[in-house]
Every structure is written in C-alpha cells, then in structure tokens.
Amino acid sequence: MISCLVLERPGTWRTIGVTALLFIAVLPAAPLVWSALVSLASASVFAGNAFQNAIENSILLALCVAVVSLAIGLPFGVLTALYEFPGRSVFFALATLPLLVPSFLWAIGWASLAARLAPFVSTTLSGFPGCLVVMSTQGIPLVLLIAYAATLALSGSQVDAARLAGGERVVVRSVARYVASPTLLAAGLSGVLTLSDPGPGQIFGFPTAASEILISFSARYDFVLAGRQCVMLTALVLALAAPLVFFSIPRLASEVLVRQSRKVRRIQHQRLAGVVVAALGIFVFIGILVPLLGLMLPLVGGTAFFRAWNELSHTAGNTLGYAIGAGTIATFLGLPLALCAGRNDQLRAVCFGVALGLLSLPPAFTALGIVQLAAAAPAWADLFLRSRFTVCMALGLRFFPVVAVLGLRAWGATSATWVLVASLHGVSLGTYLRRVTLPLLLPVGGVGLLLVALLATADISTVLLLHPPGERSLPLAILTVMANAPETLVASLCLVYVTAAIGLLTVVWTIAEGRNV
Amino acid sequence: MSVSQCAFRSVSKLYDKHVVLDEVSFTLPAGEHTAILGLSGCGKSTVLRLLAGLEAPSAGQVLFDGKSVSEPHRVLKPPHLREVAMVFQDLALWPNLSVIDNVLLGLSGKGLIKKEAEKRAREALALCTIESLAERKPGAISGGQQQRVALARALAVQPSFLLLDEPFAGLDLITKTTLLEEIATLASEGKITVVLVTHDPTEATTLCRSALVLENGHVEETGTWEELRSNPRSEMLRVFCSRLG
Amino acid sequence: MKGTFVSCLVILMGAGICACEQKSAQEVVVYTSVDDVFARPIAQRFEKETDITVRLVPDTEETKSTGLLNRLLAEKERPQADVFWSGDPVRAAILKAKGVAAPYRSPQADGLPPRFSDPDGHWTGFSARARVLMYNRNLVPEGQEPASVMDLLDPRFKGKACIANPLFGTTSMHAAALFAILGEDKAKAFFEGFSANDGKMLSSNGEVRRRVATGEFAVGVTDTDDVNVARLEGKPVGMVYPDANGMGTLIIPNCAVLIANGPNPDAGRRFIDYLLRPETEQALAESEAAQIPLRPGVPVPEAVPSIERLKPMAVNYTTLAGLLETLSSGYLPEWVDQQSR
C-alpha cells in the first residue's frame, strides 16, 4: 500500500511527474522549436530591424496590459467576492465575455465605431492606445476571476478579524494583500497572452512581435524564421518574468489553518455595493458595450438573423465541444502538475516558467507541430491527431498553465496535517486522493475549466489549423465569412454569438453562485 | 493491545541544523497516561510525531517492546502499523467530509467490511456523545464538537497509543473537564497508553498520572505527580505545581 | 461540481466517439482561400448535382490567422485535402514549388486562356478578380475620379488614400506586379511617394472597403469583389479599373489545384472539372463576388466587364511568385515597418 504521506514528502516522483507533464505540453511545439534552435547559429534571428522594434513594442504592451489588468481586476475580484450586489450573475457573465471573443472583433468594433464618431477618436485609438484598451479588456476578466477565486479560499474568521480591526477598509486591504501573489501571476499571464495575439496590432497599426511572426508564417511561409522569432521572444519573456516568478512563487499560497472551516460570506454593504456596481458598469460599458455597438451598427441597415442562426446551429456543438474539451484536458493536466510540484518552490517556479514560455508562443506553433505529426503518423492515429479531440487537446495544452497556477495555489493552501492524520490511520494514497484531495480541488478545477473554455473559444488559429474538414467553430466561422460577407451578416453573427455566450455564461454563474463556488 | 512498552533511546532531532531534541531517553509503560510538559517550542509535538512514525529521528532509536521501529533517518515501522492514533493541535478534520465520513475514512485502513466499519464509527461517535452530528460537516459545528469528532476518529481505530497534542485549547471549563474524564475512562477501560502534550495543569493532572518535562531539548525530569511535586527541579515544573495548589 | 465534471467527461468522450464517425462513401475535401460567402454556394451546387459531399474548409484573411496554406504545407506527407481552390496564383505557385500540388489538365479547361494557368498544369486559372481603385462618391466629384494607381500620390488625395498591408494577400501580389512592370526604382518611388502623400496602410482589403465606404478615406486600392459588396450594400462607392491606357490592370484569377496524394483523387478531379466549367464562371460573375470570367463569351451581368474589355497587366504569374518571395524578405517589410512608426 502506498501511504498518502508521499503527498507531503519530497521524492523523485515529483520531478518525474512535473517533467513528464511539462514534456507532454511542450511536445507538439518541440519540432518547430528544435528547427529554430538549430538554425540560430547560421541565420539572423530578426530578419530586419522591424522585429527588434516589434519586440520592444510587444514587451511594453504586455507590461502595460499586466499593470492595467492587475490594477482593475484585483479590486474587482476582491469586492465581488466580499459584497452582495444586484444582478451578480449577469455582471459576471458580461465581465467574462471578453475572454471568449477573439480580440480581432473587439478591435474591429472599436475601429468601426471610431470611424463613424469622429476622426480624432480614430487617431486617438490608433497604435498603442487602441491595443492597450482591447488587450486590457481581455486581461482584466482573467485577473478578476483569479482574485475572486483566491478570495473565496479565505476563512470567515480571517475576514471578521480584519473587520474588527478597522472596518471594511482594512478588510479590503488585507484581502487584497492575501490574494496579491496569485493575482500577480494572473496579471503576468494576461500580459504574456498578448504577446501571441496579432489582432489588435494589425487593426490599430501597431507593430508587434506577434504580427511579425504572423508575417513569417502567412506572408513568407517560413516556419523556421517564425520559430527563431518565437524562441527569441520566449527567452525575453522568461528573463523579464524571472523577478515576478521569484517574488510570487514562495508567496503563492499560505497553508490554511485547519480550524478555519467557516467560509467567507458576502455581506450587504450599500456604499460598497454601489461602488462595485458603478465600477463594473463602467468596465462593461467601455470595455464591452461600446465595441459591441461598433460591431453591430450595420444592423441598422438590416439583419441577416436567419443565416446567422443557421450558422450558429451548425457550429454550436463544435464550439461548445471544443471549449469544454479543452477545459477538461487542461484541468486533467494542470491539477496533477500542481500535485506533483506540491509545496516545492523550485518545482513551482519551473512549472510557472514553462507555463509562461508556452503561453508566449503563438498558437500556430503547437497546432502546426500536431499537423506535421499527424501527417507523419499512420492512418489509425487520425482518431487522436486529426479529429475534434485533437482540437480539444491542442487548446487544452495551450491553456493548461492557467489551471496549473490555480492548482498550485489551491494545493499550497491545503493543510499538511490532513495527510498526516490520514497516514496514521492507514488511508491509502488512492483512497485519500479520491475522498479528500479531489473533492477539495474540484472547485478550483471548475474555475480553471471555465477559464480555459473561455480562452479556448477565442482561439481562432488553433481551430483553423486543426479542425476536421467541415467541423469549424462559430468564432472561426465569423472570421472566415467576414472578409466579404455583407456587414449585416457579420453583425448578425456577432450578435447571435454574443447573445448565446451571455446566456450561457449567466447560467454558469448562476449555478456557480448557487453552489457558492 | 499488542504493544506493552514504548521507549526513546538517545533520540535527537534537528530541523535545518536547529536542535529540537538532544539525546532524549525515556520509557512509557503500557497503559500509562503521561503528560509532556515544557515551554513552547521545546520539542513536545516533535516527540509525538517521532512516536507516531511521522518523522524519523536524526539520531537514536524509537523502540516498541524493545524492537527498533525508527532509527536515524529511517522509519522502520510505518505509522499505520504502529497502532497509534493522534489528535492534532489543529484537529485536522477533513473539511469536505461529514462527521461520520471523517471517522469512516479513519477506519478505511483497517480492512473492515462496510457494515463493521459503520458500526464502529457510530459507536465511537456515541462514546463521544456526538452521534446526532453524524451528517454535519466540520464547518457547521462548534469548536468543542469538532474536538469530539477528532477524538472519536482517534478512538474508533482502537489504538494502543493515543497521542493528544493540545487538543483542548479554547474549550470552556465544563466541556474540557467532561471530555478529559471521558478520555480517562475510555483509556483505562481500553488499556490505551495516553501521551498528552499540554500547558494546562488541570488537563495534565486530570488525565495523567505521570509527566515528563522537556527543557532545551532534554528530559529535565520525569516521574509521577507525587514524585515531581515533592521535588521539582525545573522552573517550569515549579510554576506548574504552584498552579495546582 | 461533481455533476459538471462527469458531464464534461461524457461530452469529451462523445467528441472522441464522434471523431471516429464514418466518412461518407463519396466525398471531396476542398480547402479554399476564396471568401466563404462566394465559395460555399458553388460547393453546395456541386453536392446537389453530383451527390458527392463537399467538406469545405475556408480560410480567414491572411492578417487574421496563420492561414490554411500553412496547414496544407504541414500536411504534405499525408494530406487531408483533395483540392485547393485558391483566390490567387501566388498561393498556387507556392504549393507547386513545395511539391504539394499534382499536375492535372482538366478537359473543362478548354477555352480558358493558357496565360492565366501554370504551363506545367499544376494550377488552372479561371474566374478572376481585378485590383481596382475604389473611391467614395461623396468625396470624389464626378469627373475627378482617379485613373491610375499613381494618382494615389496626387496631392488632392493627400492623407485620404489607403492600401492594405502589402505583405499579405492580393495586395502583396499587386506590389510584386508593380515591381515586375515598373522596375525596382519606379516601384519603390511609388511606395515612397504614397508614404510622403500621407497614404495610410490598413490591415486588409476588407478594412479598405469599410473605411472608404464610410468616407474616412476618399480612395483605396482593393479587389473587385470588395467594391461590389459595398455597392450592393448601398454604399456611396465607385470603382475604376486603373491604368487602362498604361501598364494595365492586374487580373487575379482563381486557381484550382489538385493536391498530390489526396485521399479522394477522383472526386478531387471531378470538383476541379466542375470549377472550370463555363457555368461556374457565369455563376461567380452573377454572385456578389462579381468575378470576371476568363473564358471569352461567358454571359455576364452589366456590372461585370468581360475580360476582352480590360487591359490586363502583362505579368508572368509563375515568376511573380518568385519575385514576391524576394520582396517579402526585403523591401516590403521595411516599408511596412516605416508605415507603422
């Protein structure tokens, strides 16, 4: 019998487990990365000054997005977890909507509206400001969700103690400090995600590394050059993120005191509820409703709802399937990774470093790696390498770092004494994992699954490159028709998509709130 | 009961070069109820963890009936085979499981059939007078009730050794006294060897007949209350005895 | 939560099971860079007439994702596609160069001018778009419409002219054509002059269409199908086939490419045959794409000129692909970078 004490002891199994899981995640991108590394010695990394300039722009944009996302997402997450306010589920649905809409659409919405409003608005948004607005709109919900989840891990006693010490101001300040580490990591992730997204840069005319890499892929069809550029970008990201990792990892989680079994309860506080509603309202209005308006203005001239509904009915199953499949795979990878890393700071740092590196790679890297692997594999492997499962797998591999960070935090917050008691009573490892660990980690798994599902839905490149012929998702359908489809059709598709998404998210949040997740 | 005696032989324990226990030796006869006293951080909880096999000594041996069960950096007999049950300072109830499931999970390593395990679990809950709380989760019961659950979980496995690490902190006097008397009765009836770590003189003298005083990682003195009261050597024990009145 | 997890597992398993769905007995897999709204009706008609299921895989605009061509190149060892229906000869030429295309001379190609096809038979040109000047009628008075791409350098269009990113799509092909026809110096002078006249580089032809239609720009360079879509939406736009008295208008034919070692080669050939029929050229001319049949004598609507009425640029499409490859690593990225600063 394997004692559950192994969960709290160092061991080579941890290193093996972390290595194996990270290897699985990195494997599809490995061939292209390897070709790039091999070619580094003999060729130029940059292929011109443009890439150097683009990298500087991208790093600046990523940093600013991380800061803005943290500054807005952290207080939002904390306040929404602590205080009641009306219409919570709808607000959450709207606030998390940006995660599942490709950034291209937000950028086009802004650009369209700006063009109609006044030239100076277009000029103001042109370049860096437009990119910052759009990317931050996507980064804020990620940080908000992680701050929210981290706040819920507190005990009621801790919040009450802070309340007694100095009222709500002390509560918010203490809680914000408590959730600072995982939220910082989330902000880092949101910044890194911008590095692999060429959308807003293309629309607003701001050269980014992602645009340059896209050029290498789509204009020069030079995989190896694209690979070199990606390797360079990833190395820079890791170097810049090292201080964040060294600061945050040791502070990632505080072991909960086991007598802290009373959960945080939201309270009624009129003034703060008003602040939350107003602030969230401003974010939803500026970040979501305004660009949505820009996307849907063509509806004034007519609609194409029948065609849009038709498209939705053909693609809804795939859209949901890819999203939930990706979330499930990411959870099945991310949580075991967290278990293997345990409370070991070095292993946690390695996990997070690799996670950042993976997220900074453009999605095409992993996807094209899988395409090449599938082409070299025998036909029977198509079940795994050329099916809808493949799309889920690629998306899950891309975004599993999000679940890993959540899992690292959640595991770090469990008490080591629980394992000690179990080992004294002869509870086997399997029984302990099944009866205690899994149920305790399930809420975190749920949040992670939802986050990954949202992010995966917005990933066009992976779906384009891997979907079985005829099995596209709705966001991909929107982007494939929008080149020369009537504006009314594109607007109708966007409206149908957004409405369905808001409806689904509202249901999810209502259920989650009901179970107090 | 299968173990008649437990002994520490020159046991030392270091954490990152910090010496917590320094060549500690003592013997615990079977069925004896012993309190371990000492200042905070003197190694009391470490003694319990070494006894339970949750950690290995840095030097010396832990012996059960003269046979080595732990030696330097090695635990020869794993915790679940030592017939030890422990109530931790923080109780360590699994928050996602109900009261009865906490006890049942504690019995899962015993190889009992489901019916037998259920019966034993309910008997343990009844012994601790918390049968009515069986379906509640730890978060929904009071501190005192949580301590009874931890105790029930420990007693359900019918241990030879019951290790109690400051389990009564924060309880009101009446509840504490009642629990102590119940444990004393159950332990005597079951011939369980009890080791209690506490700062409270009342707890120590109600439950235990003898004590062991640790100071700076050494055993300063040991013996029955009568022996210790008649000639306390350490400052710690002098203050302790003065509070006994 | 437990229920949600179980549901996820079931859905995942279902997705996996559905992945091994049986393929239809007769099917053809077509990757296409032609806009989905134009390609899909043709594919649906083929399905109705032949009972062969078409699995159509359309592409996004090149600036929006890594693109389908990369998927084709990566799948080379064991392709999933039978046919690549390209919106331009450059991509077709790349497929030929990388060994992804197989030669096929369709019997339906009779009547199509050979100069719009690959001499070795790896791709066959049909139904074309043209690179045109699109202008906003509210901003460009009648009689003052631009007549040449060089008019974009005219001070009257200072700050009011736009072009899509010349690293991508048909704009890249147009850039290569300018270098081929004008020579390096004059072509560079055009691009430098465009920048000096405060011309704006946008992300795509679609964006050129949208922003000229709204009046943000007075004139832009784009494709005929973009202008036609705007016209049908009632936007105040006009179109000029540029340089009719000079170097000519760049004609960009659709190209049908048979993929080497595709899973359904016979069905692939039948689909290509279907694409190359005069009836398909007529259908594409009558669609919102307003594509120009290359085969003389095909009936066209009023808004679509016949190929005989146009003066096509005298370019060799095969060598154009090679020139574009050189420009994409040299002058064009530098110019794009300059525009972005």
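Residues numbered from 1 in each chain as written. Chains lettered and ligands numbered in written order. Predicted model: local features only at pLDDT ≥ 70, side-chain atom pairs only at ≥ 80, totals over all residues.

J.: It is not clear to me how the overall build of chain C should be interpreted in this structure. Could you clarify?
T.: Helix and strand counts for chain C stand at 12 helices and 10 strands. Projected onto the principal axes, the alpha-carbon positions of chain C cover approximately 65 × 60 × 40 Å. Counting over 341 residues, chain C shows a buried share of 57%. (Helix = DSSP H or I, 4+ residues; strand = E, 2+ residues; numbered from the N terminus. Buried ≥ 20, exposed ≤ 12 C-beta atoms within 10 Å, placed from the backbone.)

J.: Please explain unusual backbone geometry as it appears in this structure.
T.: Trans peptide bonds make up most of the peptide bonds, and negative phi angles are found at most residues other than glycine. Although it is not a glycine, Leu91 of chain B adopts a positive phi angle of roughly 70°. Inspection of the secondary structure assignment puts Leu91 of chain B in the loop between β7 (84-87) and α2 (99-107). The exposure class of Leu91 of chain B is buried, given the 24 C-beta atoms found within 10 Å. Despite not being glycine, Ala290 of chain C shows a phi value in the positive range, around 50°. Note that Ala290 of chain C resides in the loop between α10 (278-286) and α11 (317-328).

J.: Sorry, what's going on with the confidence of the model for chain C here?
T.: Interpreting fine coordinate detail is not advised for predicted regions of low pLDDT. Residue and element names in this part refer to chain C. Overall, the predicted model of chain C reaches an average pLDDT of 89, with 91% of residues at or above 70. Mean pLDDT in chain C bottoms out at helix α1 (residues 2-19), which sits at 51, and peaks at helix α9 (residues 265-275), which reaches 97. This model gives residues 15-22 a pLDDT under 50, and the stretch forms 12 contacts once residues within four places in sequence are excluded. With pTM at 0.83, the complex prediction returns an ipTM value of 0.84. (pLDDT = per-residue confidence, 0-100. Contact = placed C-beta atoms within 7 Å.)

J.: I tried to follow the interface of chain C and chain A on my own but got confused; where do I start?
T.: Each partner contributes to the interface: chain C provides 62 residues, whereas chain A provides 58 residues. For the side of chain C that touches chain A, the secondary structure elements donating two or more residues are α1, α2 (36-50), β2 (53-58), α3 (68-74), α7 (205-213), α8 (224-232) and α12 (331-340) of chain C. Top element by residues in the side of chain C that touches chain A is α1 of chain C. It accounts for 11 residues. Class assignment for the residues of the side of chain C that touches chain A results in 25 nonpolar, 16 polar and 21 charged. (Nonpolar A, V, L, I, M, F, W, Y, C, P; charged D, E, K, R; others polar.)

J.: Just to check I follow, could you spell out the interface of chain B and chain A for this structure?
T.: Note on interface size: it is often stated as the accessible area lost on association of the parts. Contacts between the two partners involve 25 residues from chain B, matched on the other side by 23 residues from chain A. Elements with a contribution of two residues or more to the side of chain B that touches chain A: β7 and α2 of chain B. The element best represented in the side of chain B that touches chain A is β7 of chain B, accounting for three residues.

J.: Sorry if this is basic, but what is going on with the nonpolar core here?
T.: The nonpolar side chains of a soluble globular protein tend to be buried with one another. Of all hydrophobic cores here, the largest spans 299 residues; its most connected members are Ala326 and Val452 of chain A together with Val30, Val83, Val219 and Val257 of chain C. Both domains that meet at this core, namely domain 1 (25-128 + 251-309) and domain 2 (130-250 + 321-340) of chain C, each give it at least three residues. In this structure Val257 of chain C touches Val83, Phe84, Ser86, Ala92, Leu95, Ala101, His122 and Trp123 of chain C, once residues within four positions along its chain are discounted. Among the nonpolar cores identified, the runner-up in size contains 85 residues, and Leu5 of chain A together with Val11, Leu125 and Ile192 of chain B belong to it. (Core = buried A, V, L, I, M, F, W, Y, C linked by C-beta atoms within 7 Å. Domains from an automatic or database assignment.)

J.: What should I look at first to understand the environment of Ala355 of chain A in this one?
T.: Residue and element names in this part refer to chain A. Mapping Ala355 onto the fold places it in helix α15 (residues 345-360). By the C-beta count within 10 Å, which is 28 here, Ala355 ends up buried. Along the backbone, Ala355 and Glu168 are 187 residues apart, and their C-alpha atoms lie at a distance of 36 Å. When neighbours within four sequence positions are excluded, Ala355 is seen to be in contact with Pro401, Ala404 and Val405.

J.: How should I be thinking about the domain arrangement of chain C in this particular structure?
T.: Residue and element names in this part refer to chain C. According to the domain assignment, chain C consists of domain 1 (25-128 + 251-309) and domain 2 (130-250 + 321-340). Summarising the inter-unit geometry, the C-alpha centres of domain 1 and domain 2 are found 25 Å apart. Across the boundary between the two partners, domain 1 contributes 17 residues, which contact 19 residues of domain 2. Going through the elements one at a time, α4 (89-97) and β10 (251-259) are the ones with two or more residues in the side of domain 1 that touches domain 2. Here the element with the most residues in the side of domain 1 that touches domain 2 is α4; it accounts for three residues. Residue composition of the side of domain 1 that touches domain 2, grouped by class: 10 nonpolar, two polar and five charged.

J.: Before we go on, may I ask you to explain the sheet that holds strand β2 (residues 18-29) of chain B in this structure?
T.: Sheet strands line up and pair through hydrogen bonds in the backbone, either parallel or antiparallel. Residue and element names in this part refer to chain B. Taking strand neighbours across the sheet as the criterion, the five strands line up as β2-β1-β4-β5-β6 in an open arrangement whose pairing is antiparallel. Each having just a single partner strand, β2 and β6 (74-75) make up the two edges of the open sheet. Bridge analysis of strand β1 (residues 5-15) against β2 gives eight bridges, and the strand direction is antiparallel. Bridge pairing links Ala7 to Thr27 in β2. Running over the sheet, helix α1 (residues 44-52) touches β1, β2, β4 (59-64) and β5 (67-71) and is turned about 120° from β1. (Pairing = 2+ DSSP bridges. Axes fitted to C-alpha atoms, helices over the stretch in contact; angles between N-to-C directions.)

J.: Could you clarify how one ought to interpret the sheet that holds β7 of chain B in this entry?
T.: Residue and element names in this part refer to chain B. Pairing within the open sheet is mixed, and its six strands lie in the order β7-β8-β9-β3-β10-β11. What marks the edges here is a single partner per strand, and that holds for β7 and β11 (218-224). Adjacent strand axes in the sheet meet at a mean angle of 15°, parallel and antiparallel pairs treated alike. Bridge count for strand β10 (residues 210-215) against β11 is six bridges, and the pairing is antiparallel. Residue pairing for β11: Ser210 is matched across the bridge by Thr224. Against the sheet, α1 makes contact with β3 (33-38), β7, β8 (161-165), β9 (193-197) and β10, and its axis sits at roughly 155° relative to β8, the strand it touches most.

J.: Would you mind showing me how to read the environment of Leu358 of chain A here?
T.: Residues and elements named next belong to chain A. Here Leu358 is to be found in helix α15. Residue Leu358 is classed as buried on the basis of its C-beta count, with 22 C-beta atoms lying within 10 Å. Along the chain, Leu358 and Ala29 lie 329 residues apart, while their C-alpha atoms are 8.9 Å from each other. Among residues more than four places away in sequence, those in contact with Leu358 are Ala25, Val26, Arg398 and Pro401.

J.: Teacher, can you tell me more about the environment of Met239 of chain C here?
T.: All names here are of chain C. Checked against the element boundaries, Met239 lands in strand β9 (residues 237-240). Sequence separation of Met239 and Gly169 is 70 residues, and the distance between their C-alpha atoms is 20 Å. Setting aside residues up to four positions removed in sequence, Met239 forms contacts with Val132, Met134 and Val227.

J.: I keep staring at helix α5 (residues 169-182) of chain C and nothing clicks. Help me out?
T.: Note that an α-helix has 3.6 residues per turn; residues three or four places apart therefore point the same way. Residue and element names in this part refer to chain C. The terminal C-alpha atoms of α5 lie 20 Å apart, and with 14 residues this matches the ideal 20 Å at 1.5 Å per residue to within 8%. For α5, a buried count of 12 out of 14 residues is recorded, marking the element as mostly surrounded by other parts of the structure. Those residues of α5 lying buried are Gly169, Thr170, Thr171, Ser172, Met173, His174, Ala175, Ala176, Ala177, Leu178, Phe179 and Ala180. Positive phi appears at Gly183, one or two residues downstream of α5, with a value of about 90°. (Expected span 1.5 Å × (residues − 1).)

J.: Explanation requested: the packing of helix α9 (residues 180-195) of chain A against α15 of chain A in the structure shown.
T.: Each pair of packed helices gets described by two things: the angle between the helix axes and the distance between those axes. Residue and element names in this part refer to chain A. Viewed as axis vectors pointing N to C, α9 and α15 meet at an angle of 30°, and their least axial separation amounts to 7 Å. Between α9 and α15, the angle is such that the two are roughly parallel. Of α15, the residues touching α9 (which contributes Leu185, Gly188, Leu189, Val192, Leu193 and Leu195) are Phe352, Leu356, Leu359 and Ser360. Counted by class, the contact of α9 with α15 contains eight nonpolar, two polar and no charged residues. (Parallel < 35°, antiparallel > 145°, perpendicular 65-115°, else oblique.)

J.: How should I be thinking about helix α5 (residues 173-190) of chain B in this particular structure?
T.: All names here are of chain B. Between its first and last C-alpha atoms α5 spans 25 Å; for 18 residues at 1.5 Å apiece the expected length is 26 Å, and the two agree. Those residues of α5 that fall on the buried side of the exposure criterion are Lys176, Leu179, Leu180, Ile183 and Ala187. Within α5, the buried residues cover an arc of 100° as seen down the axis, which keeps them to one side. In α5, those exposed residues whose orientation departs by more than 90 degrees from the buried face are Ile174, Glu181, Thr185, Ser188 and Glu189. Check the buried side of α5 and you find it contacts β3, α4 (143-156), β8, β9 and α6 (201-207). Once α5 ends, the next one or two residues include Lys191, with phi positive near 50°. (Arc of directions from axis to C-beta.)

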